Amino acid sequence: MVSPGRQAINSSRLTSVPVGLSKLVRSMGVLCAACALSPNVAWGAMPHLNSDGLALQLPAAAVVPAEPIKAATEEDVASIRQLGPPTVSDDGAHVAFLVFEPDLALDSYRIAWFVASVRNATAPPVNVGDAGEPSLFDTNVNLDGTRGRGRSLTAKWSSDGRWIAYLRRKDGRDQLWRSSTDGAVREQITFGAAEISEFAWSADNSSIIYSTRWSHDDFQKALASDTRNGVRVTADTTWNFAKSWPIYQLGSGAEDKILAVDFGSRADRPATGAERASFKSSITRSAGMAARWPASTWRAALVAASVHNKQLGELTVEIADRVGSARSITCPERRCRFSRQEAALFHGAKAEMVYFWRREGVNAPGRTLVSWNLRSGKTRDIFRTYDTVEDCTSAGHALVCIYQNPTTAPRLVAIDLRDGRLSTIADPNEAWGRLRLGRTEWLRWSDEQGHPTYGVLAYPLDYKPGRRYPIVLSGYATAESVQGDVGRRYPTHVLASRGFFVLVYHHWRQARGNQTTEEVWKSMYGDDVVETRVPHNQLQAIIHQLDNKGLIDRERVGIGGHSNAMNIAAYGLIRTDMYRAAALGWIRWNPTAYYQIMPSSARRIEAGAGLTLPEEARAGSALEKLSPSLNAACIGAPILVHASDDEFGRSAQMEALVRFADAGRPLEYYVFPDEQHVLNHPAHRLAEFRRNTQWFMYWLQDREASDPIDPGQYARWKGYKDLLASVADKSSRRCPALRPPLAQSP
């Protein structure tokens, strides 16, 4: 067990230290109750808002927060403010970004656009306009077939750096707005009924060019007709389970209309040929992985590189001078080889320099920012870290990124491309610095076959050496260590404050390279279920190591599981008595769910992973190995579930409830409305935080909270204990072949 050396980070300063790897789960819900931002209110005290709220003041980054005063609570974690991807002005001087603030009382979010100086930490960010109604789902949940824009919304700068343009939603419709960078002018640009797909500034900043496909009026007419006459569905229909209605695909296959609106006339008109070409070029460039220099003799873009052994690809760029003479350059050094999907290029102040992030390995923590001189061919490490640096964009001599680590909430930072120095641009979560947090430690370990992995271990807040503590395992995104796991369901520092060790572990996986979708599914869900079996073995190994060190009580281990981490939890629950209790996002692998998911997905899973129809499930198949429902009689630990209404229907959860009831096994189940893969409503997230914490306190510490979320929960949970006592001997249950006893693990 190894903890990499790292430099401490306090709440007022950031230094060049290790950071995590996994991307954030971006969805936050479709909500709006008082969406605007109140005037002249500091981050620390925000009253309820009305729709005419104007400005929220952020402190300058140089402000030093107060000393820690209290332990973290569920409310503190549920109130963490999130940031949208930053965009930088062409001169690299300013950055625009969205801030999302949860309102627990209103069960909504306040969102606003801010502009901050990249170079002057003493200048506070400026609120340049509220962003309207949040539309924050990341998947196709709307009946109109559109994708929620979520926290992926970005502003677009005018080339002179005086304005930003952005989409603002009101009454369910997106319209284009623009704001001056000092916040003095905020004005609506479009007023039509059509859904806006993309937009861009004209070359002279005198107009906005945008694309549309269909109108809300068209959708309402189609919906009204079908509710009256019925809508025809087939085996290929995509169904919206949350809304119990098929998803429409209006305008499918139709070409977008490209329009322009002039700031002088304020009238929409068809875009000219030159405007259409400029618009398409701008959208293609922003969607790709190109590194751009606004005025340079060089131009570089990533070329689809050859991939060796399905693991490493060469980094090749195409460069061109101003007269259009082009050639390709391939980086000769090994550090320039990486999985193609991990590639991202950034430009700097010097035209001949290219910068990119390199992972240290698929199953090793850490990334390194590397510079590559296109003239000399030499590379150099600029910045190496274990924590989370994401959504980076170029700003001359710096990269502007969103940053967080296991003890700090998200903030906006700049990484100096010359020396790797990291500084804060804006911190919307300065109140987090006033919380007492326990020690955290990066761990690296392997299972008995030598498969490496890593994780973040949070110590109990008032840890006393020599005492053994219960532990909660959650996975699989160390990037979300502050908020829990990949689904933000298990509040790490709240559990630590209640006397738990918490391990946020990385989900081990095989190198993907250029695997086909079917090959990926097979590696995940084929008969060998290697990407579930290996992580389970790794958890057994780390529990054994922590027990040998005298840190934990191996008889008091709990596990959380969201998304693919539910497979790992289920594998252990079915095969071992390793866990005293579990809290999951839903119950996966119910056989009848085969007919509930999208047919194309079902066929892909079946073909790629060798899964069979439910009625043909065989011994040794992934379905038999991973399905808690099929193995309910084998499970000897109580399971708590918080599920969305969408996944309750999509994943055939009634089957799980019935099978567990028939087997006489406890399954405490809660469903939340208007949700998807991740719970997004602030009130729902708070309820899950509280119940998960109280659940683990009861089963792992024999403690009852003074403020139970449900007054009847403890009487019900005591009944579960009595029920489980009658099936304590696992050898008497119908179980798959067990792994060797935990004591034999390395």
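Scroll up a little and you will see the structure.
Definitions and limits used
- Residues numbered from 1 in each chain as written.
- Predicted model: local features only at pLDDT ≥ 70, side-chain atom pairs only at ≥ 80, totals over all residues.
- Heavy atoms only, no water.
- Pairing = 2+ DSSP bridges.
- Helix = DSSP H or I, 4+ residues; strand = E, 2+ residues; numbered from the N terminus.
- Axes fitted to C-alpha atoms, helices over the stretch in contact; angles between N-to-C directions.
- Contact = heavy atoms within 4.5 Å.
- Buried < 20%, exposed > 50% of the residue type's maximum accessible area, 1.4 Å probe, protein only.
- Core = buried A, V, L, I, M, F, W, Y, C linked by side-chain atoms within 4.5 Å.

**Student:** In this structure, what is going on with the sheet that holds strand S28 (residues 408–416)? I would like to understand it.
**Tutor:** The sheet built from four strands is open, its strands ordered S26-S27-S28-S29 with antiparallel pairing. Of all strands in the sheet, those with a lone pairing partner are strand S26 (388–395) and strand S29 (422–426), marking the two edges. Within this sheet the neighbouring strands show an average axis-to-axis angle of 35°, counted without direction. In this structure, S28 lies alongside S29, joined through four bridges in antiparallel fashion. By the bridge assignment, Ile415 is partnered in S29 with Leu422.

**Student:** Help me understand the sheet that holds strand S32 (residues 452–458), please; the structure alone is not making it clear to me.
**Tutor:** Sheet strands line up and pair through hydrogen bonds in the backbone, either parallel or antiparallel. Taken in spatial order, the eight strands of this open sheet run S31-S32-S34-S33-S35-S36-S37-S38, and their pairing is mixed. Every interior strand has two partners, whereas the edge strands, strand S31 (440–446) and strand S38 (667–672), have only one. Strand-to-strand twist in this sheet, taken as the mean axis angle between neighbours without regard to direction, amounts to 20°. Across six bridges, strand S33 (residues 469–476) lies against strand S34 (residues 501–506) in parallel orientation. Within the sheet, the bridge partner assigned to Val472 lies in S34 and is Val502. Taken strand by strand, helix H11 (residues 653–663) contacts strand S37 (639–644) and S38, and its axis lies near 160° from that of S38. On top of the sheet, helix H12 (residues 682–701) reaches S33, strand S35 (552–561), strand S36 (581–584), S37 and S38; it is set at about 170° to S36, its chief contact.

**Student:** Is there a simple way to explain the pairing of strand S9 (residues 173–180) in this structure?
**Tutor:** Working note: regular strand, side chains alternate between the two faces of the sheet. Among the eight residues in S9, seven count as buried, and that is most of the element. Bridge count for strand S8 (residues 163–170) against S9 is eight bridges, and the pairing is antiparallel. Opposite Trp163, over in S9, you have Ser180 as the bridge partner. Adjacent in sequence and paired antiparallel, S9 and strand S10 (residues 186–188) are bridged by five residues, among which Gly183 carries a positive phi angle near 80°.

**Student:** Hey, could you run me through the nonpolar core in this one?
**Tutor:** A general trend in soluble globular proteins is that nonpolar side chains are found buried together. Of all hydrophobic cores here, the largest spans 43 residues; its most connected members are Ile471, Leu473, Leu503, Leu539 and Ile639. Here the element with the most residues in this core is helix H7 (residues 565–575); it accounts for six residues. Counting 27 residues, the second-largest nonpolar core is a separate cluster that includes Trp163, Ile164, Leu167 and Ile208.

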